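Now for the letters of each chain:
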Amino acid sequence: DGYTLQRTRGAASSQEFVAKRPSAGDGSSSSSSLSQQAPSTSPLLALLQRPLRRVRKTLQATFLPSGYPTSVGSNYMSYTLWQAVTNFATTANGVLASTFLLYSVGLGAGAIPTAGAMNWVLKDGLGQLGTLLFGKAIAHNFDIHSKTWYFMSFLLLSTATGLEIATILSPQSFLVMGSCANMIKGLSWMAGGSTRSVFNLSFVRDNNIADITAKNTSQYIFASLFGTTAGVSICAYIGQSAPLALLCFSGLAWTSIYSAYRTVKAIPLPTLNSTRLQLLAAR
């Protein structure tokens, strides 16, 4: 019971002992007794544990496939987080570009003229036509070089966004610049959407491609909401200043390209295309 026997002073016989409780200086006994004590839990922490668990389950059910992490491949969380950063940055840049396109056709200087509205419609039509022509020529490469085209899609999207912002510097060239930007943007969306389906398939482990695709859409919407908020805030701050717009565009474009690269690095593709086969043979 934590007592030790110690011989009494002046005892007549060596067999006379008294029980003595261990002192505070006995390190072994005190450390043993401390280790056996149950850790105390903060009342506030105990009160918050249940709602925190509910929030965690809700977030997991909303943004992650059922059965995560065993129902998806490796690096799924890294892929998801970097893709969210990419979607945030591209959405914010998209808001910035759309705002400056409107400035180019006369927003802020009174009513938008009829010619500006017609140019806007023609821009969309010509851009979509160009997307169809280029898509016909290169779409067959999306399956073979999916990682390359996914990364290229964000390079193309950043280029298109930069062109749209630059229209404010040359409003008379709005139709040409806007149409080229819309064509490049459409090609970017085609490449990004097509290759993303290949990536979703690579993470399937439990015949759950539909669940993974649905959660990917939820993740995109959530990141885009924050991107839209950031884009609106940036536009409100910089006004119609083209230099500030290009500065903000550069930072967001760099963020989207770097995060797209990290997204590609996290994708486990189990197939070999010609490039990967050559690299494997070279080793």
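**Description of a nonpolar patch on the surface**
- On the surface, Phe88, Tyr220, Ile221, Phe222, Leu225 and Phe226 cluster together into a nonpolar patch covering about 600 Å² of accessible area.
- Here the nonpolar patch gets five residues from one element, more than from any other, and that element is helix α8 (residues 209-238).
- Structurally, leucine 225 is set in helix α8.
- Classification of leucine 225 as exposed rests on a relative accessible area of 52%.

**Quick notes on the confidence of the model for the protein chain**
- Of the residues in the protein chain, 76% have a pLDDT of 70 or more, and the chain-wide mean is 80.
- Per-residue pLDDT, averaged within each element of the protein chain, yields its smallest value for helix α1 (residues 27-35) (46) and its largest for helix α9 (residues 242-265) (95).
- Within the model, pLDDT remains below 50 along residues 2-6, and this stretch shows 15 contacts once partners closer than five positions in the same chain are excluded.
- The model gives residues 27-36 a pLDDT under 50, and that stretch makes two contacts with residues more than four places away or in other chains.

**Points about the environment of alanine 89**
- Topologically, alanine 89 is positioned in helix α3 (residues 76-104).
- Separated by 168 residues in sequence, alanine 89 and isoleucine 257 have C-alpha atoms that sit 9.2 Å apart.

**Regarding the packing of α3 against helix α6 (residues 146-166)**
- Direction vectors running N to C along α3 and α6 enclose 25°, while the axes themselves pass 8 Å from each other. Comparing the axis directions of α3 and α6 gives the class roughly parallel. Two packed elements cross with a definite hand, and for α3 against α6 that hand is left-handed. Across from Gln83, Thr86, Thr90, Asn93, Leu96, Ala97, Phe100 and Leu101 in α3, the residues of α6 making contact are Tyr150, Phe154, Leu157, Thr161, Glu164 and Ile165.
- Partitioned by chemical class, the residues of the contact of α3 with α6 number eight nonpolar, five polar and one charged.

**Structural notes on α8**
- Taking 1.5 Å of rise per residue, 30 residues should cover 44 Å, and α8 covers 42 Å from first to last C-alpha, within 8% of that figure.
- Buried within α8 we find Asp211, Ile212, Lys215, Asn216, Gln219, Ala223, Ser224, Gly227, Gly231, Cys235 and Ile238.
- At the C-terminal side of α8, glycine 239 shows a positive phi close to 65°.

**Re the packing of aromatic side chains**
- Following the criterion strictly, the structure yields 12 aromatic pairs and no others.
- Here tyrosine 150 and phenylalanine 154 contribute two aromatic rings whose centre-to-centre distance is 5.1 Å and whose plane-to-plane angle is 70°, an arrangement assigned as edge-to-face. A residue pair is termed a helical-turn pair when its members lie 3 or 4 positions apart in one helix, as tyrosine 150 and phenylalanine 154 do in helix α6 at four residues.
- Owing to a relative accessible area of 5%, phenylalanine 154 belongs among the buried residues under this scheme.
- Judged by centre distance (6.4 Å) and plane angle (75°), the rings of phenylalanine 151 and tyrosine 261 are edge-to-face. Here phenylalanine 151 is found in helix α6, whereas its partner tyrosine 261 is found in helix α9, with 110 residues between them in sequence.
- Phenylalanine 151 sits in the partly exposed class, given a relative accessible area of 24%.
- Using a relative accessible area of 41% as the deciding quantity, one classes tyrosine 261 as partly exposed.
- Members of the aromatic cluster, connected to one another through ring pairs, are Tyr68, Tyr76, Tyr79 and Phe203.

**Let's talk about the nonpolar core**
- Of all hydrophobic cores here, the largest spans 16 residues; its most connected members are Tyr76, Tyr79, Phe199 and Ile212.
- Secondary-structure elements contributing two or more residues to this core are α3, α6, α7 (174-202) and α9.
- In contact with tyrosine 79, other than residues within four places in its own chain, are Arg196, Phe199, Asn200, Phe203, Asn216, Thr263, Ala266 and Ile267.
- Ranked by size, the runner-up nonpolar core spans 13 residues in total, among them Ala97, Tyr103, Ile165 and Ala245.

**Details of the side chain of threonine 263**
- As for its position among the elements, threonine 263 is in helix α9.
- Once you skip the residues sitting within four places of it in the chain, threonine 263 turns out to touch Tyr79, Trp82, Gln83, Thr86 and Tyr150.

**Here we look at the pattern of salt bridges**
- Throughout the structure, instances matching the rule amount to two salt bridges.
- When the shortest N-O distance is used, the salt bridge between lysine 185 and glutamate 164 registers 2.7 Å. Of this pair, lysine 185 sits in helix α7 while glutamate 164 sits in helix α6, and the two are 21 residues apart along the sequence.
- For lysine 185, a relative accessible area of 11% gives the class buried.
- A residue is classified by how much of its surface remains accessible, and glutamate 164, at 1% relative accessible area, is buried.
- Across the pair aspartate 211 and lysine 215 runs a salt bridge, and its minimum N-O distance is 3.2 Å.

Criteria and cut-off values
Residues numbered from 1 in each chain as written. Predicted model: local features only at pLDDT ≥ 70, side-chain atom pairs only at ≥ 80, totals over all residues. Heavy atoms only, no water. Patch = residues over 30% accessible without salt bridge, like charges linked within 9 Å, V, L, I, M, F, W, Y side chains within 5 Å. Areas by Shrake-Rupley, 256 points an atom, 1.4 Å probe, with all protein chains shown as cover. Salt bridge = Lys/Arg side-chain N within 4 Å of Asp/Glu carboxyl O. Helix = DSSP H or I, 4+ residues; strand = E, 2+ residues; numbered from the N terminus. Buried < 20%, exposed > 50% of the residue type's maximum accessible area, 1.4 Å probe, protein only. pLDDT = per-residue confidence, 0-100. Contact = heavy atoms within 4.5 Å. Axes fitted to C-alpha atoms, helices over the stretch in contact; angles between N-to-C directions. Parallel < 35°, antiparallel > 145°, perpendicular 65-115°, else oblique. Left-handed = near helix turned anticlockwise from the far one by under 90°. Nonpolar A, V, L, I, M, F, W, Y, C, P; charged D, E, K, R; others polar. Expected span 1.5 Å × (residues − 1). Phe/Tyr/Trp six-rings, centres within 6.5 Å; stacked < 30°, edge-to-face > 60°. Core = buried A, V, L, I, M, F, W, Y, C linked by side-chain atoms within 4.5 Å.

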